[in-house]
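For reference, the chains in residue letters:
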Amino acid sequence: MLKRWGGLLSVLLVFALLITACSQAPVTQTIPSKGPAWAPSLTTLPQETVVKVGMKQVISDAGILIGMAKGYYQDLGIKIDPVQFNSGQEMINQLAAGQLDVGATVTASGLLNAMSRDIPVKIVADKGINVPGQGYYRLVVRKDLANELKSFADLRGKKIAIVGTASLDEICLARVLAKGGLTTNDIDMQVIRAFPDMLVSLGNKSIDAAMVIEPFVTQGIAKGIIDPWKDPSEYDPDAQIALLVYGTSMTTRPDVANRFMTAYVQSMRDYNDAFFKNKNKAAVIDMLCKYSVIKDPALYEKMFPTGLNPDGYLRMNGIAADLTWYKENNLLKSDIKLDDAVDNKYVDFAVKTLGKYQ
């Protein structure tokens with residue numbers, strides 16, 4: 001009998017101890033993780049967020065590619081899903097529909113008309129400008145014509161190629177021609193959709209000149225096909241060549257949009273340190289070789305460098321001039337204003353977080 005009571009008391013004692021232990025257990029709280037060393041004031045997103053980025057993985061995409069290589073986006077809880085596109089219009093359609101989060105592109109009538117329909121698509125940051133004296137996007141001419149084409153007016157009647165109309169490519173050519181008092185009606189404008197095909201056409205002399213981007217400028221010079229002709233600072237000094245665009249899925253998620261931009265700007269600072277201050281250049285070139293379509297390290301040493309603003313801001317005069325051109329050529333469906341097209345608040349956030357570039 002005593003044994004039975006002793007066993008019962010033991011069971012009750014254990015049960016009481018369990019109740020006491022449970023009642024004293026600490027309450028688990030979700031504490032946001034601290035920010036990375038390069039952006040300590042930012043917390044990581046609570047869940048990994050996939051961001052689809054439309055790009056061609058060229059050098060002007062360094063703000064994305066370097067960040068992928070160095071883990072900046074991952075540090076803030078973002079996983080980049082790169083998406084290749086055959087046309088800018090396809091990219092614009094998916095940005096507007098929320099099927100693509102970020103677009104690395106250029107101005108085009110389709111992009112601006114998407115904005116004019118009150119769709120929250122915004123131009124948000126720089127993705128490529130010409131460095132004075134070293135323009136990475138420029139009019140090149142056939143080498144055998146270089147002595148003949150001395151002035152802008154000498155372009156009259158020539159076959160000149162661009163990759164597309166009603167876009168930045170046609171705008172840049174129009175500005176070249178304007179320096180000689182010409183318009184696109186004074187030349188034989190050709191549309192060749194791929195830059196490598198332009199080099200082929202220049203090589204077989206089926207065209208006389210073309211608006212070409214790096215690395216094809218350097219490749220054409222090396223092959224003895226082209227002459228880089230005049231620097232873009234002579235005919236388009238304020239040009240904003242390439243843009244970073246946020247789609248509806250980013251403009252409606254400021255926590256993701258701000259963190260993406262902070263990683264983007266930090267990446268562009270690494271690019272500027274490498275190519276303009278010669279800091280860790282070999283390492284950055286190695287990253288770009290792995291993540292971009294240009295795999296030859298020697299090319300990076302020879303090419304005209306893409307200009308990328310280390311603070312992320314756009315050349316607003318360049319965007320304003322583009323808008324004027326689209327309006328003058330009746331390519332816009334509504335009178336979109338500069339403030340409707342560009343939103344600097346994400347870059348403002350990144351610079352406030354990181355401080356100004358030194």
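Scroll up a little and you will see the structure.
Residues numbered from 1 in each chain as written. Predicted model: local features only at pLDDT ≥ 70, side-chain atom pairs only at ≥ 80, totals over all residues. Heavy atoms only, no water.

Turning our eyes to something else, we now look at helix 4 (residues 88–97). Every α-helix carries 3.6 residues per turn, so stepping three or four residues along brings you back to the same face. Buried residues of helix 4: Met-91, Ile-92, Leu-95 and Ala-96, and no others. Angularly, the buried residues of helix 4 cover 130° about the axis, an arc narrow enough to put them on a single face. Those residues of helix 4 hidden inside the fold are in contact with strand 1 (49–54), strand 3 (102–105), helix 5 (109–116), strand 10 (242–246) and helix 9 (248–251). Just past helix 4, the residue Gly-98 takes up positive phi, approximately 80°. (Buried < 20%, exposed > 50% of the residue type's maximum accessible area, 1.4 Å probe, protein only. Helix = DSSP H or I, 4+ residues; strand = E, 2+ residues; numbered from the N terminus. Arc of directions from axis to C-beta. Contact = heavy atoms within 4.5 Å.)

For the bond running from Glu-214 to Pro-215, omega is 10°, close enough to zero to count as cis. For Pro-215, the location among the structural elements is in the loop between strand 8 (209–213) and helix 8 (216–222). Even without a glycine there, the phi angle at Gln-57 is positive, about 60°. Position of Gln-57 relative to the elements: it lies in the loop between strand 1 and helix 2 (62–70).

Going through the model one piece at a time under the given rule, you end up with 17 salt bridges. One salt bridge in this structure joins Asp-286 and Lys-290, with 3.4 Å as the shortest N-O distance. With Asp-286 and Lys-290 both in helix 11 (residues 281–291) and four residues apart, this pair spans about one turn of that helix. Residue Lys-290 is classed as exposed on the basis of its relative accessible area, which comes to 59%. It is possible to trace a salt-bridge network through shared partners that takes in Arg-142, Asp-144, Lys-205 and Asp-208. (Salt bridge = Lys/Arg side-chain N within 4 Å of Asp/Glu carboxyl O.)

A few words now on the environment of Ser-109. Within the secondary structure layout, Ser-109 lies in helix 5. Residues Ser-109 and Ala-178, 69 residues apart in the sequence, show an inter-C-alpha distance of 21 Å. Those residues in contact with Ser-109 that lie beyond four places of it in its chain are Ala-166, Tyr-326 and Leu-331.

A few words on the sheet that holds strand 3. Judged by pairing direction, the sheet is mixed, and its six strands sit side by side in the order 2-1-3-10-4-11 without closing on themselves. Both edges of this open sheet fall to strand 2 (78–83) and strand 11 (306–307), since each of them pairs with a single strand only. Pairing between strand 1 and strand 2: six bridges, direction parallel. Directly across from Thr-49, in strand 2, lies its bridge partner Ile-78. Here helix 2 sits on the sheet in contact with strand 1, strand 2, strand 3 and strand 10, set at roughly 130° to strand 2. (Pairing = 2+ DSSP bridges. Axes fitted to C-alpha atoms, helices over the stretch in contact; angles between N-to-C directions.)

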